[in-house]
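Remarks on the overall topology
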Amino acid sequence: MVDDGDRGFSDRAAAAIEVHDLTRLFSGTTAVDRLSLRVERGEIFGFLGPNGAGKTTTLRMLSTLLRPTAGEAWVAGFDVTREPMEVRRRLGVMTERPALYERLTVDANLRLWAEAHEVPDADGAIRTALEAVDLGDRRHHSVSSLSKGLRQRASLARAILHRPAVLLLDEPSSGLDPAAAVQVEAMIRELVRDGTTVFLNTHRLAEAQRLCDRVAILKTGLVALGRPAELRARIFGNAISVQLADPLTVAVTEAVRRVPGVEHLAAQRTSFECRLKDIEEGTPCVVAAVVAAGGRVLEVKAAGDLEQAYLDLVSGDSSQPGVQEPGLREAA
Amino acid sequence: MRTTLGHWFPPAMRALIRKEFREYRHHRAILLTGLGLPLVFMMLPFLNLVGFDPDAPPDKVNLAVGQSMFVFFLTPAIVPAALAAYSIIGEKEQGTLEAILTLPLTDRQFLHAKIFAVAAPAVVASSLVYLGFTALSALVVKEPLRSEVLDPIWSVGVLGLGVPLALFSTLTGLSISARARDLRVAEQLAGMVILPALAPVALVAFRVVPVNLATWATFFAVVMLVDLLLLAVAYRTFERERAIALAA
Ligand SMILES: Nc1ncnc2c1ncn2[C@@H]1O[C@H](COP(=O)(O)OP(=O)(O)O)[C@@H](O)[C@H]1O
Ligand SMILES: [Mg+2]
């Protein structure tokens, strides 16, 4: 998945993004507080947090637009403060606003980026990028004639045009209707296939869960970090809820109890909840056991309301059981 | 040659300058001030001289030619004001400044590209307009006005001072544009600020100060010095943190 060769990393061992104690103050108020994390190459990394959490500020520090007040950050192995030009050469950035020149055509907008990054075959690269976001037929249209969703896609095409090592996306689906948002997500997923690392700001939990390999939850400081399933497990203690088409039978409950890693089972009339040692390992086994015992599965989901748990987490409500789970760092 | 060009104009700068020129072509107000205004400016002094009584006393002839020439000092100072006002406000309104600053460009290269994209067309347009005026006058205007208009000292002054005057107006315009919210206000402010710069030139045009090389050299040195000070101010204004904060 990762191609080391032609992405211009400083050395083979360098992470896509590495951040140590990154801090940014704005005239006294702290926007980002001692953030540390490491994003591996080829990952889709979600940076999740409510409005004002410091996501954009972090992204601006990574893209050499803002200087960190303290701490350090490397992109593709280059220091954002000391080697900003090296960083800029390897970055694709999609800012919060689509940032397109309205009077120019889509082609002219992308051409600026192709020429500035010295893309060898600008015409071909523009065509490829526009096709990747399904915008090939709008190439010679003026930006002012495009809808919000199409602009968002043109902006994504611009960010990937020069095949950057690291792609920074600030709320790429903000302001889009759900269908268009899902389309943009699919495009992002497609992009990672060729080895691009994606760092994605979002305030939407569902988006982070669907799209990202790992997620950091930010609220000025780092609140939690892990794979979506891990985070869910920490918040809910690894419980899943299984909804069946028919009333629960003894054969089904017995079969589920015998699955390795099932620690607790609570039965209702047509559904049950069970706690698993490892939710990713255990869930498919539980479903297989139910089916083998003649049960018909309608739905499997994390027990409890993840959205609510996330909101509690970022609102700093420490009475939430998930926050006390070991391994979960609280905001400083 | 290519390496020198590459040194002063790295690819990202060239790309940005080309983008600016493409934007001008699609912007009617810019085209009007950039091309229309200089053309009007060319015709006014020409008509003024064509209609002038050739038998008038020499001091009247000198004054008439001086007044006509004043227009050609005005063009390189006025044309950049509109371009510069749009140059930064356009980026602000479209939310493109942040994205542009993530290109492989230093802050100074960004500023230099903006200065070039504003000042160069202004200098070229005003020089062409002046040369057009001279050619027309050579053909149509009668003596003794004709010899006075074609005196090379005017060409040295108009063409020589064109660059520093255009830079003056470009740099003030860009700095105002970085701080202003509204295009109209920025244009008007920039227009007002450049007027004092033309006061010394007015002294020459109205023959208070003699028209000679020493005068031009002095003006050139003074305006260039002011330009350097303005450039230092612009370097500070266009440090990315400040520029982004101003654009927010
Ligand atoms: N240029 C700035 N000047 C002053 N405060 C700022 C600036 N940019 C962001 N902030 C503040 O920093 C905090 C984090 O903002 P931001 O990074 O935009 O959050 P997010 O993108 O997660 O919504 C907010 O409280 C915001 O008001
Ligand atoms: Mg934001």
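Structural data are supplied above this passage.
Turning next to the overall build of chain B. For chain B, the helix and strand inventory stands at 12 helices and zero strands. In sequence order, the secondary structure elements of chain B are arranged as α-α-α-α-α-α-α-α-α-α-α-α. The C-alpha radius of gyration of chain B comes to 19 Å, within 12% of the 18 Å expected for a compact globule of 248 residues. Overall, the C-alpha framework of chain B stretches about 65 × 40 × 35 Å when taken along its three principal axes. Relative to its full complement of 248 residues, chain B shows a buried share of 52%.

Now for the interface of chain A and chain B. Listed per partner, the contact involves 28 residues of chain A and 30 residues of chain B. At the boundary of chain A with chain B, total buried surface from both sides reaches about 2,800 Å², with 60% on carbon and sulfur atoms. When the area that chain A buries against chain B is broken down by residue, the three leading residues are Leu65, Tyr101 and Arg103 of chain A, summing to 26%. At the junction of chain A and chain B, the tally comes to four salt bridges. A salt bridge links Glu115 of chain A to Arg18 of chain B, with the nearest nitrogen and oxygen atoms 3.0 Å apart. Taken together, chain A and chain B are joined by 12 residue pairs in polar contact (both at pLDDT 80 or more). Among the secondary structure elements, those contributing two or more residues to the side of chain A that touches chain B are α2 (84-89) and α3 (106-116) of chain A. When its residues are assigned to classes, the side of chain A that touches chain B shows 12 nonpolar, four polar and 12 charged.

Okay, the site of ligand 1 next. Residue and element names in this part refer to chain A. Ligand 1 sits among Phe26, Ala31, Pro50, Asn51, Gly52, Ala53, Gly54, Lys55, Thr56 and Thr57. Contact distances for ligand 1 include 2.7 Å between an oxygen atom and a backbone N or O atom of Gly52. Contact distances for ligand 1 include 2.7 Å between an oxygen atom and a side-chain N or O atom of Thr56. Isolated, ligand 1 exposes 560 Å² of accessible area, and the fraction of that covered by the protein chains is 61%. With three residues, the single largest contributor to the shell around ligand 1 is helix α1 (residues 55-62). The class makeup of the residues in the shell around ligand 1 is four nonpolar, five polar and one charged.

Let us now look at the sheet that holds strand β4 (residues 70-75) of chain A. All names here are of chain A. Strand order in the open sheet made by the four strands is β2-β1-β4-β5, with antiparallel pairing throughout. Both outer strands of the open sheet, β2 (29-39) and β5 (78-79), are each paired with one neighbouring strand and no more. Direction of pairing for strand β1 (residues 17-26) relative to β2: antiparallel, over a ladder of seven bridges. In the sheet register, Leu25 faces β2, and the bridge partner there is Thr30.

Another aspect to go through is the layout of surface pockets. Taken as a whole, the largest pocket spans an internal volume of roughly 630 Å³. Along its surface, the largest pocket is lined by 30 residues, and His117, Val119, His162, Arg163 and Pro164 of chain A are the ones closest to its centre. Elements supplying a minimum of two residues to the lining of the largest pocket: α2 and α4 (122-132) of chain A together with α2 (11-25) of chain B. Of all the elements, α4 of chain A adds the most residues to the lining of the largest pocket, at four residues. Looking at the lining of the largest pocket, its residues break down into 17 nonpolar, six polar and seven charged. Space inside the second largest pocket adds up to approximately 310 Å³. Considering the residues around the second largest pocket, the lining is formed by 15 residues, among which Phe9, Met13, His112, Ile115 and Phe116 of chain B are closest to the centre. Contributions of two or more residues to the lining of the second largest pocket are made by α1 (2-8), α6 (107-140) and α8 (152-179) of chain B. Top element by residues in the lining of the second largest pocket is α6 of chain B. It accounts for seven residues. Counted by class, the lining of the second largest pocket contains 12 nonpolar, three polar and no charged residues.

Residues Leu156, Ile188 and Ile217 of chain A together with Met69 and Phe73 of chain B are the most contacted members of the largest nonpolar core, which totals 132 residues. Among the elements that line this core, the one with the most residues is helix α4 (residues 58-94) of chain B, at 17 residues. Beyond its immediate chain neighbours, meaning those up to four positions away, Met69 of chain B contacts Tyr130, Phe133, Val149, Trp154 and Val158 of chain B. Residues Val39, Ala53, Val87 and Leu91 of chain A belong to the second largest nonpolar core, which totals 33 residues.

What follows deals with the side chain of Thr64 of chain A. Mapped onto the elements of the fold, Thr64 of chain A is located in the loop between α1 and β4. Among the residues examined, Thr64 of chain A registers a relative accessible area of 6% and is labelled buried. In terms of polar contacts, Thr64 of chain A uses its side chain to reach the side chain of Arg88 of chain A, at 2.8 Å. Setting aside anything within four residues of it in sequence, one finds Thr64 of chain A in contact with Val80, Pro84, Val87 and Arg88 of chain A together with Arg240 of chain B.

Attention shifts here to the environment of Ala181 of chain A. Its location among the elements puts Ala181 of chain A in helix α6 (residues 178-192). Along the backbone, Ala181 of chain A and Gln152 of chain A are 29 residues apart, and their C-alpha atoms lie at a distance of 9.8 Å.

This brings us to the environment of Met13 of chain B. Residue and element names in this part refer to chain B. Mapping Met13 onto the fold places it in helix α2. Residue classification places Met13 among the buried residues on the basis of a relative accessible area of 3%. Put simply, Met13 and Leu189 are 176 residues apart on the chain and 28 Å apart in space, counted from C-alpha to C-alpha.

Residues and elements named next belong to chain B. A surface patch of nonpolar side chains, amounting to about 350 Å² of accessible area, comprises Leu63, Leu203, Phe206 and Val208. If you trace the backbone, Val208 turns up in the loop between α10 (199-205) and α11 (213-237). Assessed through its relative accessible area of 61%, Val208 is described here as exposed.

Definitions and limits used
Residues numbered from 1 in each chain as written. Chains lettered and ligands numbered in written order. Predicted model: local features only at pLDDT ≥ 70, side-chain atom pairs only at ≥ 80, totals over all residues. Heavy atoms only, no water. Helix = DSSP H or I, 4+ residues; strand = E, 2+ residues; numbered from the N terminus. Rg over C-alpha atoms; globule rule 2.2 N^0.38 Å. Buried < 20%, exposed > 50% of the residue type's maximum accessible area, 1.4 Å probe, protein only. Contact = heavy atoms within 4.5 Å. Buried area = accessible area lost by both parts, 1.4 Å probe. Salt bridge = Lys/Arg side-chain N within 4 Å of Asp/Glu carboxyl O. Polar contact = N/O pair within 3.5 Å; in protein donor to acceptor, adjacent residues only side chain to side chain. Nonpolar A, V, L, I, M, F, W, Y, C, P; charged D, E, K, R; others polar. Near = heavy atom within 4 Å. Areas by Shrake-Rupley, 256 points an atom, 1.4 Å probe, with all protein chains shown as cover. Pairing = 2+ DSSP bridges. 1 Å grid on protein atoms, 1.4 Å probe; cavity = no way out; pocket = protein on both sides within 12 Å on 5 of 7 lines; lining within 4 Å. Points joined across faces, edges and corners; volume = space filled by probe spheres on them. Core = buried A, V, L, I, M, F, W, Y, C linked by side-chain atoms within 4.5 Å. Patch = residues over 30% accessible without salt bridge, like charges linked within 9 Å, V, L, I, M, F, W, Y side chains within 5 Å.

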